[in-house]
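Spelled out from the first residue to the last, the chains are:
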Amino acid sequence: MERSLSMELVRVTEAAAVSASRWMGRGLKNEADDAATTAMRTVFDTIPMQGVVVIGEGEMDEAPMLYIGEELGTGEGPEVDVAVDPLEGTNIVASGGWNALAVIAIADKGNLLNAPDMYMEKIAVGPEAVGKIDINASVTDNLHAVAKAKNKSIDEVVATVLNRERHSKIIEEIRAAGARIKLINDGDVAAAINTAFDDTGVDILFGLGGAPEGVIAAVGLKCLGGEIQGRLIPSNEEERLRCEKMGIDVSKVLYMDDLVKGDDAIFAATGVTDGELLRGVQFKGGYSETHSLVMRSKSGTIRFVEGRHSMKKKPNLVMED
């Protein structure tokens, strides 16, 4: 892939973030998601690539745009798989919470797992603990492995977990082991990525979340030198049969190369609301400010990008009630 594509993708996430952020705290998650999706799709038309959505807003009959199989880009440039989450954290934006993102991940054609929309059991860590975790091991064993890898005592380790009833046993075991917990209400892509940045104070992610988000997080962690392991958890017979049809063994652990193959992938995200890693969109009257992260696995380059956008010159980002 061409290196210039990295900065082109930031334009896409910036547009989605600015549009979604106008709905912050208004209790209207669908409107926020629609705004992000529309803005993202519009800017994609200007990106020099031949992209196909492998993870998106749903099947063709479920989503008007950014649906699985939709072609994106100008039709010129590299052929790539595209995974999008125009608004990771619709409930976060509706309530004005933390860590909502607009996210894109791309890789060379055929290199992203076309993950079905179901639960995935996940464990994720940053670079220091790569090769030390095992999704088949106990929570306690993984906490001690991370503590050792990061030269910490167990009571200095912070695990992040989605605050759900299904995670009650994981939470109990983390507490029994003596580690600390950061419970989050939504946004496990951000939570997984945060394990690779010391400033966030997060060491490891546990729990069940969306499988598509697991693939997007895997691209980010590949760029950062981190690791995620996953296992699909069908909740009914229909989901199990779908996995079987796709040739996915639900008993198999999915490692980094199962989720994103090859050595060239790009991850881009823009903060919609404030978070540990990225600031949310701020409006300053006639312009807005954005804070983004863009990374490429092939070069190992990580960039934080601050943008300033004229609302008069970008009328498509001005919300109409």
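Our subject is the structure that appears above.
Residues numbered from 1 in each chain as written. Predicted model: local features only at pLDDT ≥ 70, side-chain atom pairs only at ≥ 80, totals over all residues. Heavy atoms only, no water.

Peer 1: Mind showing me how you'd approach the packing of helix H4 (residues 139–149) against helix H5 (residues 168–177) here?
Peer 2: Angle between the axes and distance between the axes: these two values describe a pair of packed helices. Direction vectors running N to C along H4 and H5 enclose 50°, while the axes themselves pass 9 Å from each other. Viewed along their axes, H4 and H5 adopt a mutual orientation that is oblique. The way H4 lies across H5 gives a crossing that is right-handed. Counting all contacts with H4, which are made through Val139, Thr140 and Leu143, the residues of H5 involved are Ile170, Glu173, Ile174 and Ala177. (Axes fitted to C-alpha atoms, helices over the stretch in contact; angles between N-to-C directions. Helix = DSSP H or I, 4+ residues; strand = E, 2+ residues; numbered from the N terminus. Parallel < 35°, antiparallel > 145°, perpendicular 65-115°, else oblique. Left-handed = near helix turned anticlockwise from the far one by under 90°. Contact = heavy atoms within 4.5 Å.)

Peer 1: Would you explain the pairing of strand E8 (residues 204–210) in this entry?
Peer 2: Regular strands show a simple pattern: their side chains alternate between the two faces of the sheet. Burial of E8 is extensive: six of the seven residues sit out of reach of the surface. Taken together, the seven bridges between strand E5 (residues 119–125) and E8 define a ladder with antiparallel strand orientation. Residue pairing for E8: Ile123 is matched across the bridge by Phe206. Where strand E6 (residues 158–162) meets E8, three bridges bridge the pair, whose relative direction is parallel. Within E8, the residue paired with Val161 across the bridge is Phe206. (Buried < 20%, exposed > 50% of the residue type's maximum accessible area, 1.4 Å probe, protein only. Pairing = 2+ DSSP bridges.)

Peer 1: I tried to follow the packing of aromatic side chains on my own but got confused; where do I start?
Peer 2: The relative placement of two aromatic rings is captured by the distance of their centres and the angle of their planes. All chains considered together, the criterion is met by one aromatic pair. Ring plane angle 65° and centroid distance 6.0 Å describe the contact between Phe197 and Phe304, whose orientation is recorded as edge-to-face. A residue pair is termed long-range when its members are at least 10 positions apart, and Phe197 in the loop between helix H6 (188–194) and E8 and Phe304 in strand E13 (residues 301–310) qualify at 107 residues. On the basis of relative accessibility, which here comes to 42%, the residue Phe304 falls in the partly exposed class. Residue placement shows Arg308 over the ring face of Tyr287; its charged tip is 3.6 Å from the ring centre. (Phe/Tyr/Trp six-rings, centres within 6.5 Å; stacked < 30°, edge-to-face > 60°. Lys NZ or Arg CZ within 6 Å of the ring centre and 35° of its normal.)

Peer 1: It is not clear to me how the pattern of salt bridges should be interpreted in this structure. Could you clarify?
Peer 2: Should the charged atoms of two oppositely charged side chains come close, the side chains can pair. If you walk through the whole model with that rule in mind, you get 16 salt bridges. Between Lys182 and Glu276 there is a salt bridge, with its nearest N and O atoms 3.2 Å apart. Note that Lys182 is positioned in strand E7 (residues 180–184) and Glu276 in the loop between strand E10 (265–271) and strand E11 (282–283), a separation of 94 residues in sequence. Residues Arg296 and Asp264 are paired through a salt bridge, measuring 2.9 Å at the closest nitrogen-oxygen approach. (Salt bridge = Lys/Arg side-chain N within 4 Å of Asp/Glu carboxyl O.)

Peer 1: What should I look at first to understand helix H7 (residues 211–224) in this one?
Peer 2: Note that an α-helix has 3.6 residues per turn; residues three or four places apart therefore point the same way. The first and last C-alpha atoms of H7 sit 20 Å apart over 14 residues, in line with the 20 Å expected at 1.5 Å per residue. Taken across its 14 residues, H7 has 13 buried, putting it largely inside the fold. Following H7 by one or two positions, Gly225 adopts a phi angle in the positive range, close to 80°. (Expected span 1.5 Å × (residues − 1).)

Peer 1: Would you mind showing me how to read the environment of Arg240 here?
Peer 2: Within the element layout of this structure, Arg240 appears in helix H8 (residues 237–245). On the accessibility criterion, Arg240 (31% relative accessible area) is partly exposed. Separated by 122 residues in sequence, Arg240 and Met118 place their C-alpha atoms 9.7 Å apart.

Peer 1: Which parts of the structure should I look at to understand H5?
Peer 2: Those residues of H5 lying buried are Ile170, Ile171, Ile174 and Ala177. The arc enclosing the buried residues of H5, seen along the axis, measures out at 130°, which places them on a common side. Turned more than 90 degrees away from the buried face of H5, the exposed residues are Lys169, Glu172, Arg175 and Ala176. Among the structural elements, H4, E6, E7 and E8 are those in contact with the buried residues of H5. Where H5 ends, the next residue or the one after it, Gly178, has phi of about 95°, a positive value. (Arc of directions from axis to C-beta.)

Peer 1: So what exactly am I meant to see when it comes to the side chain of Asn142 here?
Peer 2: Position of Asn142 relative to the elements: it lies in helix H4. Apart from residues no more than four positions distant in its own chain, Asn142 is found in contact with Ile123, Lys132, Ile133, Asp134, Ala137, Ile204 and Phe206.

Peer 1: Explain the packing of helix H1 (residues 4–21) against helix H2 (residues 29–44) to me, please; I cannot follow it from the model alone.
Peer 2: Between H1 and H2, whose axes approach to 7 Å, the crossing angle comes to 155°. For the element pair H1 / H2, the angle class is roughly antiparallel. In this structure, H1 crosses over H2, and the sense of that crossing is right-handed. From H1, Leu9, Arg11, Val12, Thr13, Ala15, Ala16, Ser19 and Ala20 reach across to H2, where they touch Ala32, Ala35, Ala36, Ala39, Met40, Val43 and Phe44.

Peer 1: What is the right way to look at unusual backbone geometry in this model?
Peer 2: The backbone of Asn99 sits at a positive phi, close to 75°, despite the residue not being glycine. In this structure, Asn99 sits in the loop between helix H3 (90–95) and strand E4 (101–108). Overall, the relative accessible area of 12% leaves Asn99 in the buried class. Here Asn151, not a glycine, exhibits a phi torsion of approximately 55°, which is positive. Within the secondary structure layout, Asn151 lies in the loop between H4 and E6. For Asn151, a relative accessible area of 72% corresponds to the exposed category.

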